[in-house]
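# Structural features, examined
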Amino acid sequence: MRYLTADIIYPISSSPVKGKVVVVDDKGTISDLVEEKDIDPSKIERLKGSICPGFVNTHCHLELSYMKGKIQSGGGLHHFIKEVEKLKKPGDDEVQQAIRDADAEMKNKGIVAVGDICNTSNTFAFKNSSPIYYHNFMEVYAFAEDRAEAAFEKGVKLQRESRNNSSVTPHAPYSASQKLLKLISEHAKKNNSVLTIHNQETADENLFFLEKRGSILDRLNYFGIDTSHWKAPGKTSLQYTLPQLPSGNKTLLVHNTFTSKGDISFANSFNKNLYWCFCPNANLYIENQLPNIHAFIDSNCQMTLGTDSYASNWSLSILDEIKALQKNFPKVALEEFLKWATLNGAKFLGIENTFGSLEKNKKPGLNLISPDLSMVTTLA
Ligand SMILES: [Zn+2]
């Protein structure tokens, strides 16, 4: 048994406290949170900084870790995709080593659970031996209606190969036909699975759905995808796409960089189990723009945090994402960001009985954050 205290403790399920001790057993299970005076002082480990639960990273692409340091930051999403295209495909050994390194980095940075986007089975074998909890999202895409079934089947096949909890999920509004969204929705309803979709990462995503123009249209044409029969619905990408997904399944919208207040209230009224994931460093890396965080807070949204992948980030660290948010939104309390980074993510993934808060009998992982937020040390 260890008796740990620090300058401040963030249980997350209740207000931050001082003068309390986290009692944790050898396996990392929280045995109690008690007043300091009730513990023999010689047993107490006093630490500098704050103690909080392990972090939940709700948006990552572990299989893209081999791109670390290879894609230049800045230049927008269109430039980014061209950079990714130019990249030479590495050998299997390099891909697997990068996956192992990225997983080890996340563990060292206090991440205990990850919602991971999968286009291949490259990470599956490794995940069986990782101490991190993974939920695999099999990402499917096909803009053309006649390719919907094949794309969906590919996702289902991948899901059969995965031993982790998993879902079949759409990539983004502009890469899914109505038919593909219908197939995914029926599958999700049948399996009561959680869904995720990249949302409004660029201004041009809305422009495509509102007016059928801009860089998304250019990109579809560039890839030789026939858009001639497609008509713009005249709505934002979110307002067009969300009603085609089930309203009862937990759904995570990722990025939300160009989401308006109108979009937020529309979306929240459609689905009561909606979660909004921010990946601020990826947004800064690609578009150099951040979502309007205050609009989401004012609308009582359930926020989570993600690192996205090494194709578009300098690190896979939730603490680094918190730091980016603190720098840009200094009025928001650290407590709020920590809730997004822990309990909200655990609730979205359905693992809140184990992860997300410092409560008796949970085994959430324990992080010590240094006073200047520069470092995280894992305590359990
Ligand atoms: Zn992503």
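Residues numbered from 1 in each chain as written. Predicted model: local features only at pLDDT ≥ 70, side-chain atom pairs only at ≥ 80, totals over all residues. Heavy atoms only, no water.

Turning our eyes to something else, we now look at the pairing of strand 9 (residues 195-199). With five of five residues buried, strand 9 is to be regarded as a mostly interior element. Here strand 9 shows no split at all, with Leu195, Ile197 and Asn199 on one side and Thr196 and His198 on the other all buried. Pairing analysis gives five bridges linking strand 9 to strand 10 (residues 251-255), with the strands arranged parallel. Bridge pairing in strand 10 places asparagine 199 opposite histidine 255. (Buried < 20%, exposed > 50% of the residue type's maximum accessible area, 1.4 Å probe, protein only. Helix = DSSP H or I, 4+ residues; strand = E, 2+ residues; numbered from the N terminus. Pairing = 2+ DSSP bridges.)

Our focus in this paragraph is the packing of helix 6 (residues 203-211) against helix 7 (residues 215-222). Viewed as axis vectors pointing N to C, helix 6 and helix 7 meet at an angle of 80 degrees, and their least axial separation amounts to 7 Å. Relative to helix 7, the element helix 6 is oriented roughly perpendicular. In this structure, helix 6 contributes Asp204, Glu205 and Phe208 to the contact, and helix 7 contributes Ser215, Ile216, Leu217 and Leu220. By residue class, the composition of the contact of helix 6 with helix 7 is four nonpolar, one polar and two charged. (Axes fitted to C-alpha atoms, helices over the stretch in contact; angles between N-to-C directions. Parallel < 35°, antiparallel > 145°, perpendicular 65-115°, else oblique. Contact = heavy atoms within 4.5 Å. Nonpolar A, V, L, I, M, F, W, Y, C, P; charged D, E, K, R; others polar.)

What the domain assignment lists for the protein chain is domain 1 (1-53 + 357-380) and domain 2 (55-355). Computed over C-alpha atoms only, the centres of domain 1 and domain 2 are separated by 32 Å. Contacts between the two partners involve 19 residues from domain 1 and, on the opposite side, 19 residues from domain 2. Carbon and sulfur atoms make up 68% of the surface buried where domain 1 meets domain 2, a total of about 1600 Å² over both sides. Sorting the residues of domain 1 by area buried against domain 2 places Ile12, Leu373 and Val376 first, and these three jointly supply 35% of that buried surface. (Domains from an automatic or database assignment. Buried area = accessible area lost by both parts, 1.4 Å probe.)

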